[in-house]
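Observations on chain architecture
Listed below, chain by chain, are the residues.
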Amino acid sequence: MQQIDGPNGTLLAYAKTDGEGPAIVFLSGYKSDMEGTKAVHLEAWAKAQGRAFLRFDYSGHGVSGGVFEDGCIGDWARDAQAVIEATCDGPVVLVGSSMGGWIASLLTQRMDRVVGFVGIAAAPDFTEDGFWAGFSEDERRQVMEEGRIALPSDYGDPYIVTRRLIEDGRDHLVLRSPLPMPYPVRLVQGTEDTAVSRETALRLLDHIDSPDLRLTLVKGTDHRFSEPANLRHIEQAILEVLG
């Protein structure tokens, strides 16, 4: 593991495997980290193929510095861009899982070195279309007046949703206008995903403007998308994007 100084002054941890490009960059999800099943598996897979691979932790995630509850989409997108620019010289393929799919969508509009995108149960705009849209009036008032609310999670500790996360999320929505991606794009989505709906996947499909775009729905798969067959789906999607 190595570290760089992040844009907000926190240390950002990453692991980079050298190899042939384009570098495959894994962007993890909300409260996830670079030690997750998909990130570690894809690193080993890329290494076996002699391909460059990067995984990292956003601020407040994993072993990077910072406090999770202090962060927001804009912070984590800047973190991701900083690590990529510090560690990757040439073109990159972005592989975004859940929130990482939203972060990757933002980076495709900011970085001219992106040559492909793979979204795994991508969760664009979830702070607005998921959290805020699902709040009752009382919950909305609590977030805005008290600054935070705790939500139950299927994955351990409660989610702490802050006013800053909601307000910053509104500044970074990607499903309100076209998303030009002039390169191959693959989206994979499980039909049993209770965190991200297939409707979200279809909205992202509709918004991306790509000459080579495909969405694969995998029957019976949940949001983790980490079973051996799922990992093979991701490998195939990356290979198709790499051409």
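Structure shown above.
Residue numbers here run from 1 along each chain, matching the order of that chain's written sequence. Predicted model: local features are reported for residues with pLDDT of at least 70 only, side-chain atom pairs are reported and counted for 80 or more only, and whole-chain, interface and lining totals are derived from all residues. Heavy atoms from the whole structure form the basis of all side-chain values; hydrogens and water molecules are not counted.

With respect to the sheet that holds strand β3 (residues 20-27)
- Strand order in the open sheet formed by 8 strands is β1-β2-β4-β3-β5-β6-β10-β12, with mixed pairing between adjacent strands. The open sheet terminates on both sides in strands that have one partner only, identified here as β1 (2-5) and β12 (212-218). The sheet shows a mean angle of 20 degrees between the axes of neighbouring strands, taken without regard to direction.
- In terms of strand pairing, β1 meets strand β2 (residues 11-17) through 4 bridges, oriented antiparallel. Pairs of strands are assigned from DSSP output, requiring at least two bridges between the strands. Numbering of helices and strands runs from the N terminus; a helix is a DSSP stretch of H or I covering at least four residues, while a strand is a stretch of E covering at least two. Between N-to-C directions, angles cover 0 to 180 degrees, with each direction set by a line fitted to C-alpha atoms, over the stretch in contact for helices.

A look at the pattern of salt bridges
- Should a side-chain nitrogen of Lys or Arg be within 4 Å of a carboxyl oxygen of Asp or Glu, the pair is scored as a salt bridge. Inspection of the entire model under this criterion finds 15 salt bridges.
- Here Glu43 makes a salt bridge to Arg55, at a shortest N to O gap of 2.9 Å. Here Glu43, found in helix α1 (residues 37-48), pairs with Arg55, found in strand β4 (residues 51-56); they are 12 residues apart in sequence, far enough to count as distant.
- One salt bridge in this structure joins Arg186 and Asp212, with 3.0 Å as the shortest N-O distance. Of this pair, Arg186 sits in strand β10 (residues 184-190) while Asp212 sits in strand β12, and the two are 26 residues apart along the sequence.
- Accessible area is worked out with a 1.4 Å probe on protein chains only. A residue is then buried under 20% of its type maximum, exposed over 50%, and partly exposed in between. A residue is classified by how much of its surface remains accessible, and Asp212, at 27% relative accessible area, is partly exposed.

Here's the deal with the nonpolar core
- Think of a nonpolar core as a cluster: buried Ala, Val, Leu, Ile, Met, Phe, Trp, Tyr and Cys residues, connected wherever their side-chain atoms sit within 4.5 Å. In this structure, Leu27, Tyr30, Leu94, Ile103 and Phe131 are the most contacted members of the largest nonpolar core, which totals 54 residues.
- In what follows, a contact means two residues having at least one pair of non-hydrogen atoms within 4.5 Å. Beyond its immediate stretch of four places on either side in the chain, Ile103 contacts Leu27, Tyr58, Ile73, Trp76, Ala77 and Ala80.
- If you look at the next biggest cluster of nonpolar residues, it comprises 20 residues, including Phe53, Val95, Val118 and Val188.

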